[in-house]
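Chain by chain, the residues run as shown.
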Amino acid sequence: MADLIRSHDWSTTLGPPDAWPAALKAALSICLSSSFPTAIYWGPDLILIYNDAWAPIPGERHPWALGRPASEVWFDIWEVVGPQFEQVQQTGQGVSRFDELLPMLRNGVVEETYWNYSFTAIRDESDRIVGVFNQGNETTAAVIARRKAQEENARLGRMFAEAPAAIAITEGKDHVFTLANPAYLDLIGRDEVLQRTVAETLPELVGQGFIELLDQVFETGKPHIGRAVPIRLAREGTAPELRYVDFVYQPISNAEGGSRGIFVQATDVTDATTALVALRESEQRFEAIVNSIDQMIWSTTADGYHDYFNERWYEFTGVPRGSTDGADWANVFHPEDQPRTWDTWRKSLETGAPYEVEYRLRHHTGAYRWVIGRAQCVRDDDGDITRWYGTCTDIHDLKVAEEARQLLLKELNHRVKNLFAVTSGMVSMTARNSATVAGMATSLQGRLQALAKAHELVQPVISNDTTSREALHLAALLQELISPHIDPASDRVSMAGPDILVGPKASASLALIFHELATNASKYGAFREPDGRLDVRWAEDGAELRVSWVEDLGHAAMKAPNSEGFGSKLARMSATHQLGGSIAFDWQPTGLTIALILSAAHLEQ
């Protein structure tokens, strides 16, 4: 700028620089030597001279502005600065402005600019005001930044004020409130909190651990998050009441990286927490109830997806938890029952009809047990199914008992029929072999008594009560069961085998088998024909006893039955289930041969 000043044509304004007044030269010397933006406005027209630091201020008007009147250079802001220049020229009083708005024309556009500047009177040796000394700098960026910060603060303030969460800010290690939004004030039930410490504002918090947490966050600079934390607040002057809050203590750092304060955010979750506690208590009661009963309880979604089983289900089946969710529940069903069960379940899902079906379920022992499954759907207000709730009840013992009852009824019916048939045969046989009526009566009475004795031997296995029985010898047992039909000592019957003692349970089962064989022999076989014969032999073979029952009809012919009768089925069941063996029938025209194989261990029971 010194070079520009020396080379500038001053002839029409201030004249040659060598002839400039001492006051101007002195002021110019100060101006050019200053590193701060400085300008001189000289004379009545305020001719402009400035230093290098001031040169950027006029922007594109530099260096054109050098040597020109102030009103010409600052035509766009003259309404503001013109009166200020005039005040200095007329009164000699300086003017200082800070962040003064000066709307300047820059690059063809009026811009909002802000300045810090001062106007100071320059006096000559006669104390006359001959110019204005100007220093200043632009503060536009700082003003705009400050304004944005204020706007942001205002925006944040509005956000804090409107935020549903309770928000507060504390400063210093004493935790002095500097901000608290309405939600926070509502939460704590107080209005006057600013510039007061947390302990002063909320004395009931002392001893509850919250002040200590604030100290910890402030000292360590590490945030703390609490979930559904119980707190007792004395809101609106009332006695402290229990509330639950979610809260965050977030440290606010200072320029050095230390803690300046703490940002507090809290949400009252008392209603939700109370509801959750009630729900958990309800679930615990539900679990206690459903796990205290004998039934297996299960639940599915509307589409039939199994998502809940009670403890009884897992205790009964022994399967791992979750292994029967979804459609895998059917894996513990008996394979023969699955098609029928699935069909019933699908129909219920489609129609909403109650579900009820009996099936066999695999027990944790590996055996299958009969259960009855039932389920009802739950519908919403629109009538749509939302869930299914069902039970499985163990009915195996009832099922077995019912089967036993049915079997007993069939056995009773079978016995009655046999009794009439055998009695009729006895009468006919006795009549043929008796010379007198008295002899016939005596003989018939003996046979009927023998028949009653045989029924006494069979009765325990029918009633499933063998506790009162004693062990019997096999030969004696055979004689007792054959005697109602024919004299075992006659030449038509032969028996041979070692002395075998049969236990109480085994004797009852054997009695049933031999009673059936003797009865059938009387009705259809060797005892029915006059010259029929029976040969019974038994022998031990290791761990087995082998019995051979051979009927020879003499001259008559025997025809094999088309199907196995109920009595033969009973004999087979006793041989296989109770005596651990087998029985085989060989029908020939001349007679019947029966091979009975029995477990020696079972015979001892």
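Residues numbered from 1 in each chain as written. Predicted model: local features only at pLDDT ≥ 70, side-chain atom pairs only at ≥ 80, totals over all residues. Heavy atoms only, no water.

Draft legend 1. Main features of the overall build of the protein chain. Helix and strand content of the protein chain: 17 helices and 22 strands. Look at the contacts in the protein chain between residues 6 or more apart in sequence, and 51% of them connect residues 24 or more apart. (Helix = DSSP H or I, 4+ residues; strand = E, 2+ residues; numbered from the N terminus. Contact = heavy atoms within 4.5 Å.)

Draft legend 2. Fine view of the environment of arginine 243. Summarising the element assignment, arginine 243 is placed in strand 9 (residues 241-253). Residue classification places arginine 243 among the buried positions, given a relative accessible area of 19%. Counting along the chain gives 56 residues from arginine 243 to leucine 187, while the straight-line C-alpha distance between them is 9.8 Å. Among all residues touching arginine 243, those that are not within four sequence positions of it are Val229, Pro230, Ile231, Asp268 and Thr270. Within polar-contact distance, the side chain of arginine 243 engages the side chain of aspartate 268 at 2.8 Å. In this structure the side chain of arginine 243 is engaged in a polar contact, spanning 3.3 Å, whose partner is the side chain of threonine 270. (Buried < 20%, exposed > 50% of the residue type's maximum accessible area, 1.4 Å probe, protein only. Polar contact = N/O pair within 3.5 Å; in protein donor to acceptor, adjacent residues only side chain to side chain.)

Draft legend 3. Fine view of the packing of helix 14 (residues 474-482) against helix 15 (residues 504-523). As a packed pair, helix 14 and helix 15 sit with axes 9 Å apart at the nearest point and diverge in direction by 40°. As the angle between them shows, helix 14 and helix 15 are arranged oblique. Helix 15 is crossed by helix 14, and the crossing has right-handed handedness. Between helix 14, through Leu474, Leu477, Leu478 and Leu481, and helix 15, the contact on the second element is made entirely by Ser507, Leu510, Ala511, Phe514, His515 and Ala518. Class assignment of the residues belonging to the contact of helix 14 with helix 15 gives a composition of 8 nonpolar, 2 polar and no charged. (Axes fitted to C-alpha atoms, helices over the stretch in contact; angles between N-to-C directions. Parallel < 35°, antiparallel > 145°, perpendicular 65-115°, else oblique. Left-handed = near helix turned anticlockwise from the far one by under 90°. Nonpolar A, V, L, I, M, F, W, Y, C, P; charged D, E, K, R; others polar.)

Draft legend 4. Structural view of the sheet that holds strand 7 (residues 176-180). Read across the sheet, 5 strands follow the order 7-6-10-9-8 without closing on themselves; strand pairing throughout is antiparallel. For this open sheet the edge positions go to strand 7 and strand 8 (224-233), each flanked by a neighbour on one side alone. Averaged over neighbouring strand pairs, the angle between their axes works out to 30° when direction is ignored. Pairing between strand 9 and strand 10 (residues 259-268): 9 bridges, direction antiparallel. Bridged to serine 253 within strand 10 is serine 259. (Pairing = 2+ DSSP bridges.)

Draft legend 5. Examining the nonpolar core more closely. Ranked by size, the top nonpolar core spans 41 residues in total, and within it Ile40, Tyr41, Ile49, Tyr50 and Trp74 carry the most contacts. Secondary-structure elements contributing two or more residues to this core are helix 2 (22-33), strand 1 (38-42), strand 2 (47-50), helix 3 (70-73), helix 4 (78-91), strand 3 (95-106), strand 4 (109-123) and strand 5 (129-138). Apart from the residues within four sequence positions on either side, tryptophan 74 is in contact with Tyr41, Trp54, Ile57, Pro58, Arg61, Val81 and Met104. Leu481, Ile500, Ala518 and Trp538 belong to the second-largest nonpolar core, a separate cluster that totals 36 residues. (Core = buried A, V, L, I, M, F, W, Y, C linked by side-chain atoms within 4.5 Å.)

Draft legend 6. Region of the structure containing the environment of glutamate 86. Examined against the element boundaries, glutamate 86 turns out to sit in helix 4. When the C-alpha atoms of glutamate 86 and proline 44 are compared, they prove to be 9.8 Å apart, with 42 residues separating the residues in sequence.

Draft legend 7. Structural context of the sheet that holds strand 4. Taken in spatial order, the 5 strands line up as 2-1-5-4-3 in an open sheet, and their pairing is antiparallel. The sheet is open, and its two borders are formed by strand 2 and strand 3, each paired with just one other strand. Taking the axes of each pair of neighbouring strands and ignoring which way they run, one obtains an average angle of 35° across the sheet. Helix-sheet contacts for helix 2 involve strand 1, strand 2, strand 4 and strand 5, and the interaxial angle to strand 1 is about 160°.

Draft legend 8. Region of interest: the pattern of salt bridges. Under the definition given, this model contains 26 salt bridges. One salt bridge connects arginine 260 with glutamate 171, and the closest N-O pair in it is separated by 2.8 Å. Of this pair, arginine 260 sits in strand 10 while glutamate 171 sits in strand 6 (residues 166-171); the two residues are 89 residues apart in sequence, bridging distant segments of the chain. Of the residues examined, arginine 260 reaches a relative accessible area of 39% and is grouped as partly exposed. For glutamate 171, a relative accessible area of 23% translates into the label partly exposed. The residue arginine 190 makes a salt bridge to glutamate 204 at a minimum N-O spacing of 2.9 Å. Of this pair, arginine 190 sits in the loop between helix 6 (182-188) and helix 7 (198-201) while glutamate 204 sits in the loop between helix 7 and helix 8 (210-220), and the two are 14 residues apart along the sequence. (Salt bridge = Lys/Arg side-chain N within 4 Å of Asp/Glu carboxyl O.)

Draft legend 9. Structural view of the side chain of threonine 113. For threonine 113, the position within the fold is in strand 4. When its relative accessible area of 1% is taken as the criterion, threonine 113 is described as buried. Here the side chain of threonine 113 touches leucine 102 through a polar contact of 2.3 Å, landing on its backbone oxygen. Filtering out sequence-adjacent residues up to four positions away, threonine 113 remains in contact with Glu100, Leu101, Leu102, Pro103, Met104, Arg106, Glu138 and Thr140.

Draft legend 10. Layout of helix 14. Inspection of helix 14 places Leu474, Leu477, Leu478, Leu481 and Ile482 among the buried residues, and these make up the whole buried set. Axial view of helix 14: buried residues confined to an arc of 125°, hence all on one face. (Arc of directions from axis to C-beta.)

Draft legend 11. Examining unusual backbone geometry more closely. Each neighbour pair has its own omega, and for histidine 62 with proline 63 the value is 0°, a cis peptide bond. By the secondary structure assignment, proline 63 is in the loop between strand 2 and helix 3. One non-glycine residue, asparagine 107, adopts positive backbone phi at about 55°. Within the element layout of this structure, asparagine 107 appears in the loop between strand 3 and strand 4. Despite not being glycine, aspartate 127 has its phi angle at roughly 70°, a positive value. Residue position: aspartate 127 is located in the loop between strand 4 and strand 5.

Draft legend 12. A look at the packing of aromatic side chains. As enumerated under the stated definition, the model contains 22 aromatic pairs in all. Here phenylalanine 309 and tryptophan 313 contribute two aromatic rings whose centre-to-centre distance is 4.6 Å and whose plane-to-plane angle is 25°, an arrangement assigned as stacked. Ring centres of tryptophan 329 and tryptophan 342 lie 5.2 Å apart, and the angle between their planes is 50°; on these two criteria the pair is classed as tilted. Within this pair, whereas tryptophan 329 is found in the loop between helix 10 (311-317) and helix 11 (338-351), its partner tryptophan 342 is found in helix 11, the two being separated by 13 residues in sequence. (Phe/Tyr/Trp six-rings, centres within 6.5 Å; stacked < 30°, edge-to-face > 60°.)

Draft legend 13. The arrangement of the side chain of serine 259 in detail. One can find serine 259 in strand 10. Among the polar contacts listed, one links the side chain of serine 259 to the backbone oxygen of phenylalanine 218, at a separation of 2.8 Å. Setting aside anything within four residues of it in sequence, one finds serine 259 in contact with Val217, Phe218, Gly221, Pro251, Ile252 and Asn254.

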